[in-house]
Amino acid sequence: MTLSPDLRNRIYPLLLLLSWAVLTLPGLGLAPLFDYDETVYAQTALDMMHHGQWIVPTANGMQFFEKPPFTYYLMDISFKLFGENAFAARLPSAVFTLLTAWVLLAGGQRLKDRRFGLMAAAIFLSMLEVGLLAHAAILDAVLNFFIAAALISYALWMRGGSPRLAWAMAAAMGAAVSVKGPVGAVVPLMVMGLDRLWAGDVKGCVARFPWWPCLGLFLLTATPWYLLILIENGPGFLYQFLWVQNIGRALHPMQGHGGNWSYYLVVFLISSLPWIGWLPAYFRRAFARNETSDPDARALLRFSAVWVLSVIVLFSFAQTKLPHYISCVYPALGLGLATLLHGEYQP
C-alpha cells in the first residue's frame, strides 16, 4: 500500500516523535540519580513538595537559591503522578526535549515546508548531547525549549509574520528567565542582535518591533517568582542569586568546573555526533557569499550559525564550564543542517 504525500506528511512527524519517546522513556529510571546537580535539584523539588513551601527553594532544610523553582515545580508534578523516583525526576527533561523537537517541526514547516521541519527535528533528536540531557534531572532541557521557542518565533517574525510571533518570542524569553535566570534573556537577545547586525537591519528591526506588548509579556512571564522571593527573603536573595550564582560563575570557576579556551569546541564536536562530519560544510556555507539563489535559505543558515557560534564564544569567556551550558545550540544546529541538506543546499 502506497501512502499519499499528504498522509506521509502527517504520519512521519508523529512516528518520529513517538518512536523517540518509546526509545527514551523506558530508560529514564534505569540508573539512580548520581550527579550532584541531579540529586540536589530532585531533593529541592521534594523538599518544596513535602513542606508545602513553593516560594523559597530548600535542599535538606537549607535555603537553595542557585536556580529558580520552575523546573522543581515540574518535577513535583511528575513525583505526584509517578512516585518519588529517578524516572519521575528525569521525565520533565525528556518531555521538554520532545517539545523542542515539536517546535523545530512546526517552526520548520512554517519557515520552509513539512520535509524541512521533519529533518530539523530528526537531526536534533539524534544528537548525542540531546539524548544525554533528556535522561538528566537538570534544568537545561527545559531552558533549551524556551530559548528555541523564542528564537524560532523571532525567525518567523522576521520573515514577515504576525506581531503575535514577536509576542510569543518575548513570552518564551521571559519563561526562560524563570527557568534559569538572566541567561534565558541574554542568549536570545545576543543571537537576535548579532543576526540583525550581520543583516544590516538593526535600525529597521528596532523601528518595527512591538515594544510595549513584548515588554509586558516578558515581565509577566519572567518576574513573578523573583518579586515573591524578594518580598519573602529580602535583598539577601539578590546577592546570592545574581552575584554568586550568575556573575560569580562567569568570573571564577565554581565547584572545580573550569577549562581552557578550547573546552566548548571539544564539547560541541563530540556532542554533535553523529553529525560531526557535516560541520565543515555547514560553517563554510554559512559564511560563504551567494552560494544559493534562495535568500531565505541563506538567511536561515546565517541565523543558525550566529546562534551556534555566539553561544560557544559567550560561554568560553565564562570561567565556570560544564558541557550542558552550551546545549541551547543544538536546536540551531538542527535547523542549520536541515537547511544544508534541503533544496539548494544539497552537497
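Here the structure is shown first, and the text comes after it.
Residues numbered from 1 in each chain as written. Predicted model: local features only at pLDDT ≥ 70, side-chain atom pairs only at ≥ 80, totals over all residues. Heavy atoms only, no water.

Observations concerning the overall build of the protein chain
Next, step 1: Scanning the protein chain for helices and strands turns up 17 helices and two strands.
Next, step 2: Against the compact-globule benchmark of 20 Å for 347 residues, the protein chain has a radius of gyration of 20 Å, which places it among compact chains.
Next, step 3: On the principal axes, the C-alpha backbone points of the protein chain span a range of 60 × 55 × 40 Å.
Next, step 4: When burial is assessed residue by residue, the protein chain has 52% of its 347 residues classed as buried.
Next, step 5: In the protein chain, once contacts between residues fewer than 6 apart in sequence are set aside, the share between residues at least 24 apart is 77%.
Next, step 6: On the protein chain, roughly 15800 Å² of surface is accessible, and the fraction owed to carbon and sulfur atoms is 69%.
Next, step 7: Positive and negative side-chain charges of the protein chain, numbering 22 and 18 respectively, have mean locations separated by a distance of 10 Å. (Helix = DSSP H or I, 4+ residues; strand = E, 2+ residues; numbered from the N terminus. Rg over C-alpha atoms; globule rule 2.2 N^0.38 Å. Buried < 20%, exposed > 50% of the residue type's maximum accessible area, 1.4 Å probe, protein only. Contact = heavy atoms within 4.5 Å. Areas by Shrake-Rupley, 256 points an atom, 1.4 Å probe, with all protein chains shown as cover. Lys, Arg positive; Asp, Glu negative; His and termini not counted. Charge placed at Lys NZ, Arg CZ, Asp CG, Glu CD.)

A word on the environment of Val56
Next, step 1: Mapping Val56 onto the fold places it in the loop between helix 2 (36–51) and strand 1 (58–59).
Next, step 2: Between the C-alpha atom of Val56 and that of Thr44, which follows or precedes it by twelve residues, the distance is 10.0 Å.
Next, step 3: Apart from residues lying up to four places away in sequence, Val56 is in contact with Gln63, Phe65, Ile229 and Glu232.

Describing unusual backbone geometry
Next, step 1: The amide bond that connects Leu273 to the next residue, Pro274, takes the cis arrangement and shows omega of 10°.
Next, step 2: Among the structural elements, Pro274 can be located in the loop between helix 14 (263–271) and helix 15 (279–287).

Things to note about the pattern of salt bridges
Next, step 1: Summed over the entire model, instances satisfying the criterion amount to eight salt bridges.
Next, step 2: Note that Glu38 and Arg90 form a salt bridge whose closest N and O atoms lie 2.8 Å from each other. A residue pair is termed long-range when its members are at least 10 positions apart, and Glu38 in helix 2 and Arg90 in helix 4 (residues 86–111) qualify at 52 residues.
Next, step 3: By relative accessible area, which is 3% here, Glu38 ends up buried.
Next, step 4: Relative accessible area serves as the criterion here: at 3%, Arg90 is assigned to the buried category.
Next, step 5: Where Arg196 meets Asp195, a salt bridge forms, and the shortest distance between an N and an O atom there is 3.0 Å.
Next, step 6: We classify Arg196 as buried; its relative accessible area is 10%. (Salt bridge = Lys/Arg side-chain N within 4 Å of Asp/Glu carboxyl O.)

Brief notes about helix 12 (residues 224–233)
Next, step 1: Those residues of helix 12 that fall on the buried side of the exposure criterion are Trp225, Tyr226 and Ile229. Down the axis, helix 12 shows its buried residues gathered within 100° of arc, on one side only. (Arc of directions from axis to C-beta.)

With respect to the environment of Tyr263
Next, step 1: Its location among the elements puts Tyr263 in helix 14.
Next, step 2: Taking C-alpha positions, Tyr263 is 7.3 Å from Ser316, a pair spaced 53 residues apart along the chain.
Next, step 3: In contact with Tyr263, other than residues within four places in its own chain, are Gly258, Lys321, Leu322 and Pro323.

A few points about helix 5 (residues 114–126)
Next, step 1: Along its 13 residues, helix 5 runs 18 Å from first to last C-alpha, staying within 8% of the 18 Å computed at 1.5 Å per residue.
Next, step 2: When helix 5 is considered as a whole, its buried residues turn out to be Phe116, Gly117, Met119, Ala120, Ala121, Ile123, Phe124 and Leu125.
Next, step 3: The residue sitting at the N-terminus of helix 5 and contributing the capping side-chain oxygen is Asp113; that oxygen lies 3.2 Å from the backbone nitrogen of Arg115. (Expected span 1.5 Å × (residues − 1). Polar contact = N/O pair within 3.5 Å; in protein donor to acceptor, adjacent residues only side chain to side chain.)

Examining the packing of aromatic side chains
Next, step 1: According to the stated counting rule, one finds 19 aromatic pairs in the structure shown.
Next, step 2: A ring pair is formed by Tyr154 and Phe303, whose centres lie 5.6 Å apart and whose planes are at 45°; its orientation type is tilted. In this pair, Tyr154 sits in helix 7 (residues 140–158) while Phe303 sits in helix 16 (residues 295–317), placing the two residues 149 residues apart along the sequence. Of the two residues examined, Tyr154 and Phe303, each falls in the buried class.
Next, step 3: Consider the rings of Trp225 and Tyr226, whose centres lie 5.1 Å apart with planes at 70°: the pair is edge-to-face. As far as the burial class goes, Trp225 and Tyr226 line up, both buried.
Next, step 4: Members of the aromatic cluster, each reached through a chain of ring pairs, are Phe70, Phe96, Phe145 and Phe146.
Next, step 5: Between the NZ or CZ atom of Arg208 and the centre of the ring of Trp157, over which it lies, the distance is 5.9 Å. (Phe/Tyr/Trp six-rings, centres within 6.5 Å; stacked < 30°, edge-to-face > 60°. Lys NZ or Arg CZ within 6 Å of the ring centre and 35° of its normal.)

Looking at the environment of Tyr72
Next, step 1: For Tyr72, the location among the structural elements is in helix 3 (residues 70–82).
Next, step 2: Assessed through its relative accessible area of 0%, Tyr72 is described here as buried.
Next, step 3: Residues Tyr72 and Ala137 lie 65 residues apart in sequence; the distance between their C-alpha atoms is 9.8 Å.
Next, step 4: In this structure, Tyr72 is in contact with Tyr41, Thr44, Ala45, Met48, Pro57, Phe64 and Lys67, ignoring residues within four places of it in sequence.

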